[in-house]
Amino acid sequence: MEFILDTADLDAVKKLDELLTIAGVTTNPTIITKSGKSPEDVIRQFVDYLRPEQKFFVQVVSTEYQEMLDEARYICDLRPKNTYAKIPVTHTGYKAIKILKSEGRGVLATAIYSADEAFLAALNGADYLAPYVNRMCNYGDGIGQVVDLLQMLEAQELNSKVIAASFKNTEQVHALIAAGIHAVTVPPEIAYAMIGHPGTEIAVKEFSANWQVAYGRDSLRS
């Protein structure tokens, strides 16, 4: 499974990259606008920082067909490999996905609100499918829809990977990892919540206190 960060904050990525096995970074237009930086700066910083094996996902902004294709080609040419254009599953987006895949370019189908939308994008060849989990929950059983999608892809022997996005809490992430999700993309605050159980800190403090009382030092070696 791939654990990906959904952010435009390079400093947050650097810190978590030291702690965890980070497979890549996703961005979207809203995340970039909230960063306070120009899109050019955000993209350049990640292109310079990410290792070749780490994946980078950037979303097109244009909604017109030709402009969407031009932006997607620009995105995919940012790095020699492991760079993907995020294409929303609008009518225009489905059309663009087919063309981009015929050119051998990396595509993530995004803004997905149902298993059916995602499945049809997979038939068009999308490498990744990004269901918006928490937003889907506002319309029904978002987790169930994503689990259905995993089963649909397996049953029809399609190779697209599901990269679940738009999480509200760690419980949603946990449920989909347990269900066999291919990838998740989470904001840094959820990543920290997954590794920040208060019981762990309590246990470490108890170990240290007991060791200090018994041996008068704070390390294994004297």
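Residues numbered from 1 in each chain as written. Predicted model: local features only at pLDDT ≥ 70, side-chain atom pairs only at ≥ 80, totals over all residues. Heavy atoms only, no water.

Considerations on the overall build of the chain
Of regular secondary structure, the chain possesses 11 helices and eight strands. Once the C-alpha set of the chain is aligned to its principal axes, its extents read approximately 70 × 40 × 30 Å. Excluding contacts between residues fewer than 6 apart, the proportion of contacts in the chain whose partners are at least 24 apart in sequence is 57%. Carbon and sulfur atoms provide 52% of the accessible area of the chain, an area that totals close to 11,900 Å². Counting 21 positive and 28 negative side-chain charges, the chain places the centres of these two groups 5 Å from one another. (Helix = DSSP H or I, 4+ residues; strand = E, 2+ residues; numbered from the N terminus. Contact = heavy atoms within 4.5 Å. Areas by Shrake-Rupley, 256 points an atom, 1.4 Å probe, with all protein chains shown as cover. Lys, Arg positive; Asp, Glu negative; His and termini not counted. Charge placed at Lys NZ, Arg CZ, Asp CG, Glu CD.)

A short note on the side chain of Arg79
Within the fold, Arg79 resides in the loop between helix H4 (65-76) and strand S4 (83-88). A distance of 2.8 Å separates a polar atom in the side chain of Arg79 from the backbone oxygen of Arg51. At 2.9 Å, the side chain of Arg79 and the backbone oxygen of Asn82 are in polar contact. Contact partners of Arg79, with chain neighbours within four places excluded, come to Val47, Leu50, Arg51, Pro52, Gln54, Lys55 and Phe56. (Polar contact = N/O pair within 3.5 Å; in protein donor to acceptor, adjacent residues only side chain to side chain.)

A look at helix H9 (residues 170-178)
Buried residues of H9: Gln172, Val173 and Leu176, and no others. Looking straight down H9, one finds that the buried residues subtend no more than 100° of arc, so they occupy a single side. In H9, the exposed residues that point more than 90 degrees away from the buried face are Glu171, His174 and Ala178. Of the surrounding secondary structure, the elements contacted by the buried residues of H9 are helix H7 (133-137), helix H8 (142-155), strand S7 (161-164), strand S8 (183-186) and helix H10 (188-194). By the N-cap criterion, in which a side-chain oxygen at the helix start approaches the backbone nitrogen of a residue two or three places on, H9 is capped by Asn169, the distance to Glu171 being 3.2 Å. Where H9 terminates, the next one or two residues include Gly180, which has phi positive at roughly 95°. (Buried < 20%, exposed > 50% of the residue type's maximum accessible area, 1.4 Å probe, protein only. Arc of directions from axis to C-beta.)

Side note on the sheet that holds S7
Pairing is parallel around the closed barrel formed by eight strands, whose spatial order is S1-S2-S3-S4-S5-S6-S7-S8. With direction set aside, neighbouring strand axes in the sheet form an average angle of 25°. Where strand S1 (residues 2-6) meets S8, four bridges bridge the pair, whose relative direction is parallel. The residue bridging Leu5 from the neighbouring strand is Val186, located in S8. Seen against the sheet, helix H6 (residues 115-123) touches strand S5 (107-112) and strand S6 (128-131) and runs at an angle of roughly 165° to S5. (Pairing = 2+ DSSP bridges. Axes fitted to C-alpha atoms, helices over the stretch in contact; angles between N-to-C directions.)

Structural notes on the nonpolar core
If you look at the biggest cluster of nonpolar residues, it comprises 56 residues, and the most contacted ones within it are Ile87, Leu129, Phe167 and Val186. Discounting residues that sit within four places of it in the chain, Phe167 has contacts with Val133, Asn134, Gln172, Val173, Leu176, Val184, Thr185, Val186 and Ile190. Counting nine residues, the second-largest nonpolar core is a separate cluster that includes Ala23, Phe57, Tyr84 and Leu108. (Core = buried A, V, L, I, M, F, W, Y, C linked by side-chain atoms within 4.5 Å.)

Digging into the pattern of salt bridges
Inspection of the entire model under this criterion finds 12 salt bridges. Here Arg51 and Glu53 are joined by a salt bridge, their closest N and O atoms 3.0 Å apart. Accessibility expressed as a relative area gives 36% for Arg51, which makes it partly exposed. Connected via shared salt-bridge partners are Asp70, Arg73, Asp77, Glu103 and Arg105. (Salt bridge = Lys/Arg side-chain N within 4 Å of Asp/Glu carboxyl O.)

Examining a nonpolar patch on the surface
On the surface, Met1, Leu19, Ile177, Tyr192, Met194 and Ile195 cluster together into a nonpolar patch covering about 550 Å² of accessible area. Relative to the assigned elements, Tyr192 resides in helix H10. (Patch = residues over 30% accessible without salt bridge, like charges linked within 9 Å, V, L, I, M, F, W, Y side chains within 5 Å.)

As for H4
Its 12 residues give H4 an end-to-end C-alpha distance of 17 Å, which sits within 8% of 16 Å, the value for a rise of 1.5 Å per residue. Listed as buried for H4 are Met68, Leu69, Ala72, Ile75 and Cys76. With its buried residues spanning 125° around the axis, H4 presents them on a single face. Of the surrounding secondary structure, the elements contacted by the buried residues of H4 are strand S3 (55-59), S4 and helix H5 (91-102). (Expected span 1.5 Å × (residues − 1).)

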